Amino acid sequence: MTLTETPATACELSPEEQSIVEVVRDFVDREVKPVVRDLEHSNTYPEELIEQMKRLGIFGLAIPEPYGDVHVSTPCYALVTEELARGWMSLAGAMGGHTVVAKLLLAFGTEEQRQKYLPRMATGALRATMALTEPRGGSDLAHLSTSAVRDGDDWVINGEKTWITNARRSDLIALLCRTDSTAMPPHTGISILLTDKGPGLTIGKDLPKLGYKGVESCELFLDNCRVPADAVLGGAPGHGFAQMMKGLEVGRIQVAARATGVAKAAFDDALAYAQQRESFGKPIWQHQSVGNLLADMGTQYSAAHQLLLYAARTLDSGRRCDLEAGMAKLFASEAAMEIAVNAIRVHGGYGYSTEFDVERYFRDAPLMIVGEGTNEIQRNVIARQLVARGGL
Ligand SMILES: Cc1cc2nc3c(=O)[nH]c(=O)nc-3n(C[C@H](O)[C@H](O)[C@H](O)COP(=O)(O)OP(=O)(O)OC[C@H]3O[C@@H](n4cnc5c(N)ncnc54)[C@H](O)[C@@H]3O)c2cc1C
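So, how was this worked out
Residues numbered from 1 in each chain as written. Predicted model: local features only at pLDDT ≥ 70, side-chain atom pairs only at ≥ 80, totals over all residues. Helix = DSSP H or I, 4+ residues; strand = E, 2+ residues; numbered from the N terminus. Expected span 1.5 Å × (residues − 1). Buried ≥ 20, exposed ≤ 12 C-beta atoms within 10 Å, placed from the backbone. Contact = placed C-beta atoms within 7 Å. Pairing = 2+ DSSP bridges. Axes fitted to C-alpha atoms, helices over the stretch in contact; angles between N-to-C directions. Parallel < 35°, antiparallel > 145°, perpendicular 65-115°, else oblique. Left-handed = near helix turned anticlockwise from the far one by under 90°. Core = buried A, V, L, I, M, F, W, Y, C linked by C-beta atoms within 7 Å.

Colleague: Looking at this structure, I do not really get helix α5 (residues 74-87). What am I missing?
Modeller: Every α-helical turn comprises 3.6 residues, leaving residues that sit three or four positions apart pointing alike. Its 14 residues give α5 an end-to-end C-alpha distance of 20 Å, which sits within 8% of 20 Å, the value for a rise of 1.5 Å per residue. Among the 14 residues in α5, 14 count as buried, and that is most of the element.

Pasting the structure below:
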């Protein structure tokens, strides 16, 4: 039994779900681990691995019948995400926004919108991403400036988005924009427009990044881009902010799972290395300083993993889970940062070598403290909810 196969994990998944996680674990060990370093350092889009993920049904994990056929619980979805990130965080990122858009369509979409998008999204034939962040800010979404104005049977969209991951390879963009400039408070004038690629929508350059290589994060320009009136998620404008906040609950669980995946990979590599490497006549783990690092890393990972599963269970219970998802994302991403830097310590000079994987974990971990709402924003959400709920 490994750290990811704790009894708590095993008992909450059905046998089918356990086998899905095992298949993905096997895929990561056999197909991803041997090629990841080359793909990472050449910043190559992992075409073949993504195709395999489609065949494994990974893009449809959040999509139930009648639209898809491998729908799983959120704990299972989180564990699959963790496994992918254990192999390469970029692979988990390639399906993250896609899943949030699927959840948004399921929760708020009209039947026509679900029928139009979900069956193709379930197979990965159609990929989706979400566009929230703008050059002037990603935290203060209530004051975003991309706007859509009604013109006959269309919305005409103008504005600019940035950091939109998978933008080049997604044909559906869940675009957060202002559809009523006079609404008060301002967030009540925001809608999600289900935007298909077409005239007026341009993908800008791939933004250069510290890590998260292989998948593209791009600028997006909207210049009199027209979408039909029925592109508003759910049909009625003005609900986009609240809809997106709900969608971000699963988004933050996904980011927490990416963090635990990176943390697990860093911990595993450090544990193995500490038993092989010797100094002063013994394996380095037997030096108390190194043993203590491993003890702390294992403890932090296990706590993050349990908090992740707790948030995932809360989401499935149907209860509001912004507090739980925020805690999981906050704790897991900070733990991943610490575990990644400690994995470098354990590896000594080799930890700084690009011929070892630990340097990648160290570059990938910081994304999770920023993405899907920074950790400062998570703390704001958590504090507000602690007060609103009268404590824990
Ligand atoms: C690789 C990558 C991929 C991404 N992919 C996507 C994507 O697919 N779609 C998408 O929409 N976005 C994406 N993002 C954007 C990401 O969600 C934003 O970067 C993030 O939400 C922060 O927004 P910002 O960068 O504008 O920072 P800002 O909002 O400018 O914040 C700057 C700093 O101020 C702090 N701050 C701001 N307001 C507060 C406050 N009220 N209280 C306390 N502190 C505050 C922040 O925590 C941060 O430290 C991606 C980002 C990266 C780096």
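Colleague: Looking at this structure, how should I read the environment of Asp 153?
Modeller: Mapped onto the fold, Asp 153 is located in the loop between β2 (147-151) and β3 (154-165). Taking the C-alpha atoms as reference points, Asp 153 and Val 36, 117 residues apart in sequence, are found 47 Å from one another. Other than its neighbours up to four places away in sequence, Asp 153 contacts Pro 228 and Ala 229.

Colleague: Is there a simple way to think about the pairing of strand β1 (residues 128-131) in this case?
Modeller: A regular strand places its side chains so that they alternate between the two faces of the sheet. Neither face of β1 is exposed, since Ala 128 and Met 130 on one face and Thr 129 and Ala 131 on the opposite face are all buried. Relative to strand β4 (residues 172-178), β1 runs parallel, the two sharing four bridges. Residue pairing in the sheet places Ala 128 in a bridge with Leu 172 of β4.

Colleague: Hey, could you run me through the packing of α5 against helix α9 (residues 240-276) in this one?
Modeller: Two quantities define a packed helix pair, namely the angle between the axes and the distance from one axis to the other. Packing of α5 against α9 brings their axes to within 7 Å, and their N-to-C directions diverge by 45°. In this view, α5 runs oblique relative to α9, as classed from their interaxial angle. Of the two possible hands of crossing, α5 and α9 adopt the one that is right-handed. Two secondary-structure elements touch here, α5 through Thr 74, Ala 78, Thr 81, Glu 82, Glu 83, Leu 84, Ala 85 and Arg 86 and α9 through Ile 253, Gln 254, Ala 257, Arg 258, Thr 260, Gly 261, Val 262, Lys 264 and Ala 265.

Colleague: Please clarify how unusual backbone geometry should be interpreted in this entry.
Modeller: Trans peptide bonds make up the majority, and among non-glycine residues the majority have a negative phi. A cis amide bond links Glu 65 to the next residue, Pro 66, at an omega of 5°. Looking at where Pro 66 falls in the secondary structure, it is placed in the loop between α4 (47-55) and α5. The peptide bond linking Met 184 to Pro 185 adopts the cis configuration, its omega dihedral lying at -10°. Among the secondary structure elements, Pro 185 is positioned in the loop between β4 and β5 (190-196). Positioned with a positive phi, Asn 43 is a non-glycine residue whose angle comes to about 50°. Along the chain, Asn 43 falls in the loop between α3 (36-41) and α4. Given 14 C-beta atoms within a 10 Å radius, Asn 43 is considered partly exposed. For Phe 280, which is not a glycine, the phi torsion comes out positive at approximately 50°. Summarising the element assignment, Phe 280 is placed in the loop between β8 (278-279) and β9 (282-283). Judged by the 7 C-beta atoms lying within 10 Å of it, Phe 280 falls in the exposed class.

Colleague: Just to check I follow, could you spell out the nonpolar core for this structure?
Modeller: As a rule of thumb, soluble globular proteins bury nonpolar side chains together. Counting residues in each nonpolar core, the largest one holds 124 residues, and the members touching the most others are Leu 193, Ile 253, Val 262, Ala 266, Leu 308, Ala 311 and Ala 336. The element best represented in this core is α9, accounting for 17 residues. Other than its neighbours up to four places away in sequence, Val 262 contacts Ala 85, Met 89, Ala 336, Ala 340, Tyr 361, Asp 364 and Ala 365.

Colleague: I'm lost on the environment of Arg 178 in this one. Help?
Modeller: Take Arg 178: it is sitting in strand β4. Considered as a pair, Arg 178 and Gly 189 are eleven residues apart in the sequence and their alpha carbons are 5.7 Å apart. Setting aside anything within four residues of it in sequence, one finds Arg 178 in contact with Leu 144, Ser 145, Thr 146, Ser 147, Gly 189 and Ile 190.

Everything listed is a geometric property; what it means functionally is a separate question.
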